[in-house]
Amino acid sequence: MPDAAVMPICDPCRPQPNGPPAIVLDDLVLERGGKRLIDGLSMAVPAQGVTVVMGPNGAGKSLALRLIAGLIAPSGGRLEFLAGDDTRRQIAFVFQKPVLLRRSVRANLDHALRTYGTPRRERADRLAELLTLGQLTDLAERPARVLSGGEQQRVAMVRALAAAPKVLLLDEPTASLDPQATAAIEALIRRAVDDGVSVVLVTHQAGQAQRLADGVCFLHQGRLREAAPAAAFFRSPRSPEARAYLAGELLL
Ligand SMILES: Nc1ncnc2c1ncn2[C@@H]1O[C@H](COP(=O)(O)OP(=O)(O)OP(=O)(O)O)[C@@H](O)[C@H]1O
Ligand SMILES: [Mg+2]
């Protein structure tokens, strides 16, 4: 029986002021070694705005993002791309630890633009734009892998934006960053949202979630326990699991 507090479709996604959601997860299941790591996950990724995914360590947040990105195949259920299968190719992913090429910042971004098929005559302008956006112009010739964590994450963010994605999946992108570096990443997230990108953000930082979220989906033990508009979620979470998590209590 589904938990009464859990809507089959993430309720921040309805009503739909911006039209239908970009992606619907319908009863997704992921099993490994006889264990259900994702257990009947149904939610929608809205076409715009920020959906924050919260939950304790091991809840299945990263796996959920990987399923959405198509990096792993579900054992059951399905993903629906309502705007067409093109959306599947317009998903970008930023991991907690950036994985950058052993090249300069400029070469990393240029490689991304080539990969995403940016026409040659537009590449130099787009590259300059991305460097400016990431406040990376002065770092452009530096080897990307020697940059600080915050700088590398800015490269990873603008590299993801080079794809002009419809959906941007962010897995704890500021987990090990200081407040200033975090603010820079949050500014990039806001900018992406202003440009119409739908962002799915996994974070343990309640402050960050409150600053950015339109809707929150709360996972625990591979299941969606609660989905709510952000203001309602933080004011009065309905599920005992989310209440305990936000109160800083240990959830097993
Ligand atoms: N390939 C795998 N085989 C077996 N178990 C796995 C596999 N990948 C992940 N898990 C388990 O699935 C559960 C969910 O993992 P996931 O990485 O999604 O958690 P999370 O919510 O992102 O946690 P965190 O906040 O620590 O990042 C964990 O218990 C993890 O150990
Ligand atoms: Mg994770």
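From a predicted model like this one, the values you see are computed outputs, not experimental measurements.

So what about helix α4 (residues 149-162)? Which residues, and what values?
With 14 residues, α4 ought to run about 20 Å at 1.5 Å a step, and its terminal C-alpha atoms sit 20 Å apart, in line with that. With respect to burial, α4 is a largely interior element, twelve of its 14 residues being buried. Within α4, burial applies to Glu151, Gln152, Gln153, Arg154, Val155, Ala156, Met157, Val158, Arg159, Ala160, Leu161 and Ala162. Packing partners of the buried residues in α4 comprise β5 (91-94), α2 (105-115), α3 (120-133), β6 (167-171) and α5 (179-194).

Please provide a residue-by-residue account of α3, values included.
Across its 14 residues, α3 extends 20 Å between first and last C-alpha, which sits within 8% of the 20 Å expected from 1.5 Å per residue. Backbone geometry just after α3 places Gln135 at a positive phi near 50°.

I'd like a rundown of the packing of α2 against α3, residues and numbers included.
Viewed as axis vectors pointing N to C, α2 and α3 meet at an angle of 125°, and their least axial separation amounts to 10 Å. When the axes of α2 and α3 are compared, the pair comes out oblique. Between α2 and α3 the crossing geometry is right-handed. For the pair formed by α2 and α3, the contact residues are Arg106, Leu109, Asp110 and Leu113 on the first element and Arg123, Arg126, Leu127, Leu130 and Leu131 on the second.

Go over the packing of α2 against α4, please, and point to the residues and values.
How two helices pack is summed up by the angle between their axes together with the distance between the axes. The geometry of α2 relative to α4 is characterised by a closest axis approach of 8 Å and an angle of 25° between their N-to-C directions. Judged by the inter-axis angle, α2 sits roughly parallel to α4. When the axes of α2 and α4 are compared, the crossing they make is right-handed. Each of Val105, Asn108, Leu109, Ala112 and Leu113 in α2 lies in contact with α4, whose residues at this interface are Val155, Val158, Arg159 and Ala162. By residue class, the composition of the contact of α2 with α4 is seven nonpolar, one polar and one charged.

Pulling in residues and values, what's your account of the sheet that holds strand β4 (residues 76-81)?
Read from one edge to the other, the open sheet built from three strands follows the order β2-β1-β4, with strand pairing classed as antiparallel. Across the chains shown, the open sheet's two edge strands, defined by having one partner strand only, are β2 (35-45) and β4. When the angles between neighbouring strand axes are averaged without regard to direction, this sheet yields 20°. Bridge count between strand β1 (residues 23-32) and β2: eight bridges; the pairing is antiparallel. Each bridged residue has a counterpart across the sheet, and for Leu28 the counterpart in β2 is Leu41. Helix α1 (residues 61-69) contacts β1, β2 and β4 of the sheet and is inclined by roughly 60° relative to β2.

Describe in detail the site of ligand 1, supporting the description with residues and values.
Taken together, the neighbourhood of ligand 1 is formed by Arg32, Gly33, Leu37, Gly55, Asn57, Gly58, Ala59, Gly60, Lys61, Ser62 and Leu63. A per-element tally of the shell around ligand 1 places α1 first, with three residues. Considered class by class, the residues forming the shell around ligand 1 number three nonpolar, six polar and two charged.

Explain the nonpolar core to me, using residue names and the numbers behind them.
One recurring pattern in soluble globular proteins: nonpolar side chains tend to sit buried together. If you look at the biggest cluster of nonpolar residues, it comprises 69 residues, and the most contacted ones within it are Val52, Leu169, Val200 and Val216. Per element, the largest residue contribution to this core is seven residues, and it comes from α4. Discounting residues that sit within four places of it in the chain, Leu169 has contacts with Leu65, Ile68, Ala69, Ile91, Ala92, Phe93 and Val200.

Break down the pairing of β1 for me, citing the residues and quoting the values.
Each regular strand displays side chains that alternate between the two surfaces of the sheet. Connecting the antiparallel pair β1 and β2 is a turn made up of two residues, with Gly33 showing a positive phi of about 55°. With five bridges joining them, β1 and β4 adopt antiparallel strand pairing. Following the sheet pairing, Leu25 is matched in β4 by Leu79.

Parameters and conventions
- Residues numbered from 1 in each chain as written.
- Chains lettered and ligands numbered in written order.
- Predicted model: local features only at pLDDT ≥ 70, side-chain atom pairs only at ≥ 80, totals over all residues.
- Helix = DSSP H or I, 4+ residues; strand = E, 2+ residues; numbered from the N terminus.
- Expected span 1.5 Å × (residues − 1).
- Buried ≥ 20, exposed ≤ 12 C-beta atoms within 10 Å, placed from the backbone.
- Contact = placed C-beta atoms within 7 Å.
- Axes fitted to C-alpha atoms, helices over the stretch in contact; angles between N-to-C directions.
- Parallel < 35°, antiparallel > 145°, perpendicular 65-115°, else oblique.
- Left-handed = near helix turned anticlockwise from the far one by under 90°.
- Nonpolar A, V, L, I, M, F, W, Y, C, P; charged D, E, K, R; others polar.
- Pairing = 2+ DSSP bridges.
- Near = placed C-beta within 6 Å.
- Core = buried A, V, L, I, M, F, W, Y, C linked by C-beta atoms within 7 Å.

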